[in-house]
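The primary structure of each chain is shown beneath.
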Amino acid sequence: MSKAVQIRQHGGAEQMEIVDVQVGDPGPGEIRIRHKAIGLNFIDVYQRSGLYPMAMPLTLGMEGSGVVEAVGPGVTHLKAGDRAAYASHPPGSYSELRVMPAKNVCRLPDAISFETGAAMMLKGLTAQYLLKRTLPQGGLQAGDYVLFHAAAGGVGLIACQWAKALGLQLIGTAGSEEKCQLAKSLGAAHVINYAKEDFKARVMEITGGQGVKVVYDSVGKDTWDKSLDCLRPFGLMASFGNSSGAPAPFAPGILGVKGSLYVTRQTLFTHIATREANQQMADDLFEVVTSGKVQIRIDQRFPLAQVREAHQALEARKTTGSTILTL
Ligand SMILES: NC(=O)c1ccc[n+]([C@@H]2O[C@H](COP(=O)([O-])OP(=O)(O)OC[C@H]3O[C@@H](n4cnc5c(N)ncnc54)[C@H](OP(=O)(O)O)[C@@H]3O)[C@@H](O)[C@H]2O)c1
């Protein structure tokens, strides 16, 4: 048996209940993992609220770390007793114990704690594919400007540090002075408090009127229009989230008017669709974390029983860096 956080219908944080679930043996291609820590992500909010409709009942959670208890037939990259961490479909990490597909589960290097593992897989692999695989025409070179919204958040603080390590000038937006200072202290070259300042005007000032080569936009509805205006000709609008709501539909003609822009909507799960790609990206992430180029900040810890408070804090923009649920 395992404690698990389930919803029976979409809605607010109050829909989440702790229930007891039966956990069996892993089938072909699966493992059973006993969690040591669980990562909280904004996608959990979309799946809970119904922005992303899901089948019910649903155990939430896409990220975790723990010890492999058993492996099913055909699993060769993991064995019982291994320390492991993952970002993976299907949801189910808000639990003590689960059976899940092995494909996206990676062995966790000894130098990385379980808590850090749970705090970094989904957010760190996202920063990896954004900065290394979601690129404008001609790629990004050292010195290039990129605009990254919600820079003091979970994905954001990892991206600030990783961008600096790559020599990029990341312009980070955040919703308060404290958050801006945090993003700056972790590698953002410039910061903009978009709750108070016009971020388009500031981006143009910082870049000498040129604009940026890429905007990484996870805020969505509230930032979409102005983000397009921050791009230089042929620039790339890389949309990867909707923390303020989904952007409104748009007519493609606007992209021509604003300078032959490119638009893409990316999701991590396309990038980690094969075990090989997932492992390659995870190795890259493990390297920047163990070398100290990127530190994983866990700024909030909530016991699993306080999962409602954890969701409320994330939705109310009260968190910075990563948040974990502890067991
Ligand atoms: N597509 C993918 O592959 C992928 C993967 C991982 C994450 N994501 C997306 O990346 C974003 C960051 O994820 P995360 O888990 O690290 O969360 P997070 O950045 O720690 O939290 C979201 C942040 O978004 C900002 N925000 C702006 N408007 C908001 C609003 N109306 N309501 C709530 N927050 C608002 C807040 O920062 P400020 O107060 O500074 O504005 C908030 O702290 C999310 O949109 C998530 O869905 C996408």
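Everything numeric in this text was worked out from a predicted model, so none of it was measured.

1. A word on the overall build of the protein
A tally of regular secondary structure across the protein gives 10 helices and 16 strands. Dimensions of the protein along its principal axes, counting C-alpha atoms only, are 60 × 40 × 35 Å. Every one of the 327 residues in the protein was classed for burial, and the buried ones make up 47%. Expressed as a percentage of contacts within the protein between residues at least 6 apart in sequence, the contacts between residues at least 24 apart total 67%.

2. Quick look at the packing of helix H1 (residues 42-49) against helix H10 (residues 307-315)
Running from N to C, H1 and H10 point in directions that differ by 105°, and their axes come no closer than 10 Å. With respect to their mutual orientation, H1 and H10 come out roughly perpendicular. Across the interface between the two elements, Phe-42, Val-45 and Arg-48 of H1 pack against His-311, Leu-314 and Glu-315 of H10. Tallied by class, residues from the contact of H1 with H10 come to 3 nonpolar, 1 polar and 2 charged.

3. Topic: the sheet that holds strand S2 (residues 17-21)
In space, the 3 strands of this open sheet follow the order S2-S1-S4, with antiparallel pairing throughout. The open sheet has two edge strands, S2 and strand S4 (58-59), and neither has a second partner. Here 5 bridges tie strand S1 (residues 2-7) to S2, and the two strands are oriented antiparallel to one another. Each bridged residue has a counterpart across the sheet, and for Gln-6 the counterpart in S2 is Glu-17.

4. A closer look at H1
Within H1 the residues assigned to the buried category are Phe-42, Ile-43, Asp-44, Gln-47 and Arg-48. Where H1 is buried, its residues meet S1, S4 and H10. One or two steps after H1, the chain reaches Gly-50, where phi turns positive at roughly 105°.

5. With respect to helix H3 (residues 154-165)
End to end, H3 covers 18 Å across 12 residues, agreeing with the expected 16 Å (1.5 Å per residue, within 8%). Within H3, 10 of the 12 residues are buried, leaving the element largely enclosed by the surrounding structure. Along H3, the residues that are buried comprise Gly-154, Val-155, Gly-156, Leu-157, Ile-158, Ala-159, Cys-160, Gln-161, Trp-162 and Ala-163. Buried-residue contacts for H3 involve helix H2 (114-133), strand S9 (145-148), strand S10 (169-174), helix H4 (177-185), helix H9 (275-290) and strand S16 (322-326). With its phi angle positive at about 85°, Gly-167 sits one or two positions after the end of H3.

6. Topic: the domain arrangement of the protein
Each assigned domain of the protein is listed with its residue range as follows: domain 1 (2-123 + 269-326) and domain 2 (135-265). Using C-alpha coordinates to define each centre, domain 1 is positioned 27 Å away from domain 2. Contacts between the two partners involve 14 residues from domain 1, matched on the other side by 15 residues from domain 2.

7. Points about the sheet that holds strand S14 (residues 262-265)
The strand order across the open sheet built from 6 strands is S11-S10-S9-S12-S13-S14, with neighbouring strands paired in parallel fashion. Bordering the open sheet on either side are strand S11 (190-193) and S14, each of which pairs with just one other strand. For this sheet, the mean angle separating the axes of adjacent strands, direction not counted, is 15°. Relative to strand S13 (residues 231-239), strand S12 (residues 212-217) runs parallel, the two sharing 5 bridges. Within S13, the residue paired with Val-215 across the bridge is Met-237. In the packing of H3 onto the sheet, the strands contacted are S9 and S10, and the crossing angle to S10 comes to about 165°. Sitting on the sheet, H4 is in contact with S10 and S11, with an inclination near 165° to S11.

8. Let's talk about the site of the ligand
Residues in close proximity to the ligand total 30 residues, the closest being Gly-153, Gly-154, Gly-175, Ser-218 and Gly-241. Residue assignment for the shell around the ligand shows that the elements contributing at least two residues are H1, H2, H3 and H10. Looking at side-chain class alone, the shell around the ligand contains 11 nonpolar, 14 polar and 5 charged residues. Summarising the domain contributions, the shell around the ligand has at least three residues from each of domain 1 (2-123 + 269-326) and domain 2 (135-265).

9. What to know about the environment of Glu-96
Inspection of the secondary structure assignment puts Glu-96 in the loop between strand S6 (83-87) and strand S7 (97-101). Judged by the 19 C-beta atoms lying within 10 Å of it, Glu-96 falls in the partly exposed class. Sequence-distant contacts of Glu-96, defined by excluding residues within four places in its chain, comprise Ser-2, Lys-3, Arg-34, His-35 and Leu-327.

10. Observations regarding the packing of H2 against H9
Packing of H2 against H9 brings their axes to within 9 Å, and their N-to-C directions diverge by 100°. The orientation of H2 relative to H9 falls into the category roughly perpendicular. Contacts from Met-120, Gly-124, Leu-125, Gln-128 and Tyr-129 in H2 reach Met-281, Ala-282, Asp-284, Leu-285 and Val-289 in H9. When grouped by side-chain class, the residues that make up the contact of H2 with H9 number 7 nonpolar, 2 polar and 1 charged.

Calculation notes
Residues numbered from 1 in each chain as written. Predicted model: local features only at pLDDT ≥ 70, side-chain atom pairs only at ≥ 80, totals over all residues. Helix = DSSP H or I, 4+ residues; strand = E, 2+ residues; numbered from the N terminus. Buried ≥ 20, exposed ≤ 12 C-beta atoms within 10 Å, placed from the backbone. Contact = placed C-beta atoms within 7 Å. Axes fitted to C-alpha atoms, helices over the stretch in contact; angles between N-to-C directions. Parallel < 35°, antiparallel > 145°, perpendicular 65-115°, else oblique. Nonpolar A, V, L, I, M, F, W, Y, C, P; charged D, E, K, R; others polar. Pairing = 2+ DSSP bridges. Expected span 1.5 Å × (residues − 1). Domains from an automatic or database assignment. Near = placed C-beta within 6 Å.

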